[in-house]
Amino acid sequence: MIPRPHLVRAIALLVLGLLFCVFPGCSSNDADKNENQIVLTGSSTVAPLMSEIAKQFESLHPGVRVDVQSGGSSRGVADARRGLADIGMVSRDLKAEEQDLTAFPIARDGVCVIIHRDNPVASLTDDQVVAIYTDRINNWKDVGGADAPITVVNKAEGRSTLELFVGHFQLDNKQIKADAVIGDNEQGIKTVAGNRHAIGYVSIGTAEYDATHDVEIKLLPLAGIAASIENVRAGDFPLSRPLNLVVKGTPTGIVAEFIKFARSRDVNQIILEQYFVPLSQ
Amino acid sequence: MSRSRSDVALVWILRGCGLLTGAITVVIVGFLLWESLPAIRDVGVRRFVSDQSWHPSAGAAGGQFNLVPMIVATALATAGAVLLAAPLGIGSAVFAHFYAPRQLRHTHGKMIELLAGIPSVVYGLWGLVVLVPLIARWHPPGTSLFSAIIVLTIMILPTIALLAGAAFDNLPSEYLRASAALGLSRGRTVLSVVLPASRSGLFTAVLLGTGRAIGETMAVLMVAGNVVQNPTSIFQPVRTITANIALEMAYAMEGHRSALFVCGLLLMGMVIVLVGFAEWVSQGRIHG
């Protein structure tokens with residue numbers, strides 16, 4: 001069958017159109033360095049909070065677009081350094097070798113140990129947590145629970161929650177004998193909620209929210225201090241961290257304005273709704 | 001046939017399309033090679049099989065880069081899923097084609113197509129909140145090679161069933177008529193005529209299902225437990241290569257990142273071998 005000329009022309013136009021869409025696309029990266037766009041990348045703990053703050057900021061500044069992408073604190077640091085992002089999100093203190101960046105703390109968060117709600121264990125000492133994570137204790141009956149093997153849930157390499165956890169308990173990730181390795185907090189909570197004999201650690205904000213919304217998990221106290229937003233705010237909870245916005249050099253223009261807004265009292269409500277602890281009073 | 005100008009144009013456009021599609025594959029392989037070169041250079045190929053474990057974030061000097069447990073996990077999960085899904089998928093296609101009443105066959109076909117269309121993350125979520133707790137009650141921790149095999153089986157089942165059905169459709173109708181003329185029963189026809197005659201089509205179906213199982217990421221990531229180890233039991237957690245990339249890529253820097261591209265390259269190699277094999281089979285050599 002011989003195709004009719006106008007059909008051929010239509011196909012030709014379509015293909016050419018596609019080609020033109022693909023190739024000039026390569027150069028459009030330069031265009032997003034405009035004044036009205038702010039790009040944030042980094043910590044998956046901070047990203048949901050910043051998305052909410054960004055929405056508020058956008059409604060106050062028509063025409064401004066704030067693009068929030070998660071990917072971990074390390075990505076936040078790297079992207080802020082290389083200029084791939086205007087602001088990096090980092091859910092920990094800056095390290096000594098990262099002092100070329102300026103950090104603006106916006107809130108605090110804690111990391112807590114969680115177990116299944118039906119697990120009778122009410123608390124664990126630091127030594128017991130270490131023993132469980134290094135497989136020296138592998139049965140709940142050794143720490144006052146039922147006779148059942150412990151399912152140890154660990155975080156994947158590179159996550160700041162993991163760094164905070166191993167740092168606090170002075171563990172090396174290579175020593176940890178995990179039964180499950182998870183990505184984000186939500187996956188960790190679902191894993192523990194679905195397994196009566198599991199133990200894991202996640203961000204307090206997410207854990208407290210889910211525990212009060214009928215998810216079957218229980219937050220364990222650490223060194224006798226209850227894992228709660230209140231104790232993180234008071235600075236009592238041992239396993240807590242700052243949530244930072246980091247920039248290279250001094251922020252100017254719309255970026256500076258955004259950082260100022262994110263640290264202002266106006267966003268306290270948003271921070272509380274996400275179960276983080278606001279810093280400005 | 002005279003070649004009008006529009007014909008010439010069409011031929012060139014089609015050549016262009018062909019070139020572009022081919023070029024994309026070459027570009028991807030080239031990109032994978034380029035990105036994984038630093039790791040291959042700094043770490044060396046040997047350490048990817050001889051290191052103690054997988055702890056890449058400390059960089060080439062301090063880290064450990066053993067990929068073998070993940071290759072084993074990928075192979076086991078894929079093999080398990082294919083062993084379960086191939087008989088189920090081919091069986092359901094046989095049922096739909098030769099036994100089911102017309103109306104049921106139609107409904108069955110639509111159901112299978114629907115099953116093939118569900119996004120993998122949905123299977124993963126179902127696996128995480130339903131399947132894993134169920135298995136955990138029976139054999140903790142629940143997140144395991146076993147869960148991965150079950151979820152993968154459900155995911156590649158429709159692929160195999162649909163392609164097996166297509167293979168049966170392609171069967172010359174004389175075969176069936178000849179079989180009927182010989183007075184063979186329906187069961188005998190299926191076993192002695194249909195299955196042998198569509199053998200290469202069935203092999204292709206299974207191989208494409210295998211390809212899907214190897215490449216599946218999100219669902220496996222959510223149910224397999226992701227512990228890097230050589231499993232000694234089917235109820236132990238494992239980490240597949242795809243899950244490894246998905247789990248760590250967003251957080252990986254420099255040497256770690258490059259090591260993940262080595263994983264990607266490895267995966268690409270596996271799929272190329274598989275596609276090559278499928279090509280070889282579908283050329284009818286399996287009949288020989």
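Let's talk about a nonpolar patch on the surface
Residue and element names in this part refer to chain B.
- A cluster of nonpolar side chains, L125, W126, V129 and V130, forms an exposed patch at the surface whose accessible area comes to about 320 Å².
- Position of V130 among the secondary structure elements: in helix 6 (residues 120-138).
- V130 gets classed as partly exposed once you look at its relative accessible area, which sits at 38%.

Examining the packing of helix 4 (residues 68-99) of chain B against helix 9 (residues 186-197) of chain B
All names here are of chain B.
- For the pair helix 4 and helix 9, the least separation of the axes is 12 Å and the interaxial angle reads 120°. One finds that helix 4 runs oblique with respect to helix 9. Once helix 4 is placed against helix 9, the crossing between them reads as right-handed. Packed against helix 4, whose contacting residues are I90, V94, F98 and Y99, the element helix 9 presents R186, G187, V190, V194 and L195 at the interface.
- Here the residues of the contact of helix 4 with helix 9 are counted per class, giving 7 nonpolar, 1 polar and 1 charged.

What about the interface of chain B and chain A?
- Listed as interface residues are 33 residues of chain B and, on the opposing side, 33 residues of chain A.
- With both chains or domains summed, chain B and chain A bury close to 2700 Å², and 65% of this area falls on carbon and sulfur atoms.
- The interface formed by chain B and chain A holds 0 salt bridges in total.
- In terms of residue count, helix 1 (residues 5-43) of chain B provides more of the side of chain B that touches chain A than any other element does, 6 residues in total.

Focus: the pattern of salt bridges
Residues and elements named next belong to chain A.
- Applying the stated rule across the entire model yields 21 salt bridges over all chains.
- The shortest N-O distance in the salt bridge between R75 and D79 comes to 3.1 Å. Residue R75 and its partner D79 are both found in helix 3 (residues 73-82); the two are separated by 4 residues, about one turn of the helix.
- With a relative accessible area of 25%, R75 lands in the partly exposed category.
- A salt bridge links D118 to R196, with the shortest nitrogen-to-oxygen separation between them at 2.7 Å. With a gap of 78 residues between them, D118 in the loop between strand 4 (101-116) and helix 4 (126-133) and R196 in the loop between helix 6 (185-193) and strand 7 (198-203) connect regions that are remote in the sequence.

Structural notes on helix 1 of chain B
All names here are of chain B.
- Taking 1.5 Å per residue as the helical rise, helix 1 with its 39 residues ought to reach 57 Å, and the 56 Å between its terminal C-alpha atoms agrees with that figure.
- Along helix 1, the largest kink reaches about 40° and is centred on S36; proline P38 follows within four residues of it.
- Those residues of helix 1 not exposed but buried are S6, D7, L10, I13, L32, E35, S36, A39 and V43.
- The first or second residue beyond helix 1 is G44, which carries a positive phi of 85°.

What to know about the pairing of strand 2 (residues 65-70) of chain A
Residues and elements named next belong to chain A.
- For strand 1 (residues 37-42) and strand 2, the ladder comprises 6 bridges, and the chain directions are parallel. Directly across from G42, in strand 2, lies its bridge partner S70.
- Between strand 1 and its parallel partner strand 2, the chain crosses via helix 2 (residues 47-60), and the hand of that crossover is right-handed.

A closer look at helix 3 of chain A
All names here are of chain A.
- Along helix 3, 7 of the 10 residues are buried, which leaves the element largely enclosed by surrounding structure.
- Of all the residues in helix 3, the buried ones are S73, S74, G76, V77, A78, D79 and A80.
- Taken from the residues just after helix 3, G83 is the one with a positive phi, measuring 80°.

Let's talk about the pairing of strand 7 of chain A
Residue and element names in this part refer to chain A.
- In terms of burial, strand 7 is a largely internal element, 6 of the 6 residues being buried.
- Across 5 bridges, the pairing between strand 4 and strand 7 is antiparallel. Within strand 7, the position partnered with C112 by the bridge is V202.
- When strand 5 (residues 151-155) meets strand 7, the two strands line up parallel, connected through 2 bridges. Paired with T151 across the two strands is A198, which belongs to strand 7.

Rules used throughout
- Residues numbered from 1 in each chain as written.
- Chains lettered and ligands numbered in written order.
- Predicted model: local features only at pLDDT ≥ 70, side-chain atom pairs only at ≥ 80, totals over all residues.
- Heavy atoms only, no water.
- Patch = residues over 30% accessible without salt bridge, like charges linked within 9 Å, V, L, I, M, F, W, Y side chains within 5 Å.
- Areas by Shrake-Rupley, 256 points an atom, 1.4 Å probe, with all protein chains shown as cover.
- Salt bridge = Lys/Arg side-chain N within 4 Å of Asp/Glu carboxyl O.
- Helix = DSSP H or I, 4+ residues; strand = E, 2+ residues; numbered from the N terminus.
- Buried < 20%, exposed > 50% of the residue type's maximum accessible area, 1.4 Å probe, protein only.
- Axes fitted to C-alpha atoms, helices over the stretch in contact; angles between N-to-C directions.
- Parallel < 35°, antiparallel > 145°, perpendicular 65-115°, else oblique.
- Left-handed = near helix turned anticlockwise from the far one by under 90°.
- Contact = heavy atoms within 4.5 Å.
- Nonpolar A, V, L, I, M, F, W, Y, C, P; charged D, E, K, R; others polar.
- Buried area = accessible area lost by both parts, 1.4 Å probe.
- Expected span 1.5 Å × (residues − 1).
- Bend = angle between axes of the 7 residues up to and from the residue.
- Pairing = 2+ DSSP bridges.
- Right-handed = clockwise from strand over helix to strand, strands pointing away.

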